[in-house]
Amino acid sequence: MTGVSDAKIDELWGEAGNIQLFASYDGWDPGRENDPLPTAGDCTTAELEANDACNQKGVRITFVQSRTNPATGSPEVKYRHVLLGWTYVNSADHVSFDGLHAAEYPIQKGVHAGGIVWYGNYLYVADTRNGLRVFDMRTIMDMDPDGDPGTHDAMGADTDGVKTTSNVEDKTKVGRHDNVWYSFGYRYVMPQVAAWKFKADQKNPQGSYACVDTGAPKASYISLDRSTVPDRLIMGEYCRPKSGYPSTGRIASYCQRVLYGHKLSWLDGRP
């Protein structure tokens, strides 16, 4: 959980306040673990029809705002779900996106977003074995601008003149297919714009909560410390010590200027 009170000193995003962000993830995909081609999954037609989308949707962020209704003057709580997208260039040499981990299965099983921090214009998401993923709060795609899912809105054209549309009715697809944008049915998508990668090799054992005290740490959780000057991002490991792996976890902090993109080489573990 994070919010506009982390993001801005005045606790306002433009003129809006009282905004909280919550992370959740969907890693359900029958058969993916045993499929010869893990990136494809092996969903059957029946599973697709019964389960809305038989794919790992990955991470979504829910924006929640407590406010006074401008028309009625009554208090209300509004929310919106936003799918996080991992961007890549597809076979047609066009930018596309996937759920935060679906197409990355050979690299890791997924990102469960154990920690998120909204600071300035950026959302930082913990990626356990790799570091941090960065998303720009100013670049959220609206896949249904007119609010009518059936119209399949125009989404603009590429530099090569190819025009695209969107489809939020088909909840089984994500990314760009035949010049149509899909998003597992979500109206809003926030694509990844950068990543902080650990420079050291990962020596923590796979498939275990045990930790070692050498090599790259695990980015199990992150938080923001505004009690210092400058502000600092806190990153820590979740560990369950066992025989041969006695580490109880490490904690690191990164100063404010790192959050604005400077000295990214500090992610090798130095404070």
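Everything below is about the structure printed above this text.
Here goes a summary of the coordinates provided.

The subject of this paragraph is the overall build of the protein. A tally of regular secondary structure across the protein gives three helices and 17 strands. Expressed as a percentage of the 271 residues in the protein, the buried residues total 42%. Across the protein, contacts joining residues at least 24 apart in sequence account for 52% of those joining residues at least 6 apart. Carbon and sulfur atoms provide 51% of the accessible area of the protein, an area that totals close to 14,100 Å².

To continue, consider the state of the cysteines. Summed over the entire model, instances satisfying the criterion amount to one disulfide. Disulfide pairing is shown between Cys211 and Cys239; the S-S distance is 2.0 Å. Judged by the torsion about the S-S bond (-95°), the Cys211/Cys239 disulfide is left-handed. Here Cys211 is found in the loop between β14 (188-197) and β15 (221-225), whereas its partner Cys239 is found in the loop between β16 (232-236) and β17 (251-255), with 28 residues between them in sequence. Residue class for Cys211 comes out buried when judged on its relative accessible area of 0%. A relative accessible area of 12% places Cys239 in the buried class.

The nonpolar side chains of soluble globular proteins are, as a tendency, buried together. Ranked by internal contacts, the top residues of the largest apolar core, which has 21 residues, are Leu21, Ile61, Leu84, Trp118, Leu123 and Val125. Taken together, the elements giving at least two residues each to this core come down to α1 (4-7), β2 (19-26), β3 (58-68), β4 (75-89), β6 (116-119), β7 (122-127) and β14. When sequence neighbours within four positions are dropped, the list of residues in contact with Leu84 reads Val59, Arg60, Ile61, Asp98, Gly99, Leu100, Val125, Phe135 and Met190. Ranked by size, the runner-up nonpolar core spans 16 residues in total, among them Val117, Val134, Ile222 and Leu233.

What follows is about the sheet that holds β17. One open sheet holds the three strands; their spatial order is β15-β16-β17, and the pairing between them is antiparallel. Across the chains shown, the open sheet's two edge strands, defined by having one partner strand only, are β15 and β17. Adjacent strand axes in the sheet meet at a mean angle of 25°, parallel and antiparallel pairs treated alike. The pairing of β16 with β17 spans five bridges and is classified as antiparallel. Looking across to β17, one finds that Leu233 is bridged to Tyr254.

In this model, Val229 is joined to Pro230 through a cis peptide bond whose omega is 0°. Inspection of the secondary structure puts Pro230 in the loop between β15 and β16. You will see that Asp178, though not glycine, has its phi angle at about 50°, which is positive. The topology assignment puts Asp178 in the loop between β12 (174-177) and β13 (180-183). Of note, Phe184 is a non-glycine position whose phi angle comes to about 55°, a positive value. One can find Phe184 in the loop between β13 and β14.

With that out of the way, let us pick up the side chain of Asn204. Residue placement: Asn204 occurs in the loop between β14 and β15. A polar contact of 2.6 Å, which involves the side chain of Asn204, links it to the side chain of Gln202. Apart from the residues within four sequence positions on either side, Asn204 is in contact with Arg129, Ala210, Cys211, Val212, Ala216, Pro217, Lys218, Glu237 and Arg250.

What follows deals with the layout of surface pockets. By volume, the second largest pocket amounts to about 380 Å³. What lines the second largest pocket is a set of 15 residues, among which Trp13, Ile19, Phe63, Gln65 and Arg80 lie closest to the centre. Its residues placed into classes, the lining of the second largest pocket shows eleven nonpolar, one polar and three charged.

By convention here, two paired aromatic rings are described through the distance between centres and the angle between planes. Under the defined criterion, the tally for this structure stands at six aromatic pairs. Ring geometry for Phe97 against Trp181: centres 5.6 Å apart, planes inclined by 10°, an arrangement best described as stacked. Note that Phe97 is positioned in strand β5 (residues 95-99) and Trp181 in strand β13, a separation of 84 residues in sequence. A residue is classified by how much of its surface remains accessible, and Phe97, at 1% relative accessible area, is buried. Three or more aromatic residues joined by ring pairs form one cluster here, namely Tyr124, Trp196 and Tyr254.

In this section: the environment of Asn179. You can see Asn179 is positioned in the loop between β12 and β13. Taking the C-alpha atoms as reference points, Asn179 and Asp158, separated by 21 residues in sequence, lie 9.9 Å from one another. Ignoring any residue separated from it by four or fewer positions in sequence, one finds Asn179 in contact with His94, Val162, Lys163, Thr164 and Thr165. A polar side-chain atom of Asn179 sits 2.8 Å from a polar atom in the side chain of Arg176.

Calculation notes
Residues numbered from 1 in each chain as written. Predicted model: local features only at pLDDT ≥ 70, side-chain atom pairs only at ≥ 80, totals over all residues. Heavy atoms only, no water. Helix = DSSP H or I, 4+ residues; strand = E, 2+ residues; numbered from the N terminus. Buried < 20%, exposed > 50% of the residue type's maximum accessible area, 1.4 Å probe, protein only. Contact = heavy atoms within 4.5 Å. Areas by Shrake-Rupley, 256 points an atom, 1.4 Å probe, with all protein chains shown as cover. Disulfide = S-S within 2.5 Å. Core = buried A, V, L, I, M, F, W, Y, C linked by side-chain atoms within 4.5 Å. Pairing = 2+ DSSP bridges. Axes fitted to C-alpha atoms, helices over the stretch in contact; angles between N-to-C directions. Polar contact = N/O pair within 3.5 Å; in protein donor to acceptor, adjacent residues only side chain to side chain. 1 Å grid on protein atoms, 1.4 Å probe; cavity = no way out; pocket = protein on both sides within 12 Å on 5 of 7 lines; lining within 4 Å. Points joined across faces, edges and corners; volume = space filled by probe spheres on them. Nonpolar A, V, L, I, M, F, W, Y, C, P; charged D, E, K, R; others polar. Phe/Tyr/Trp six-rings, centres within 6.5 Å; stacked < 30°, edge-to-face > 60°.

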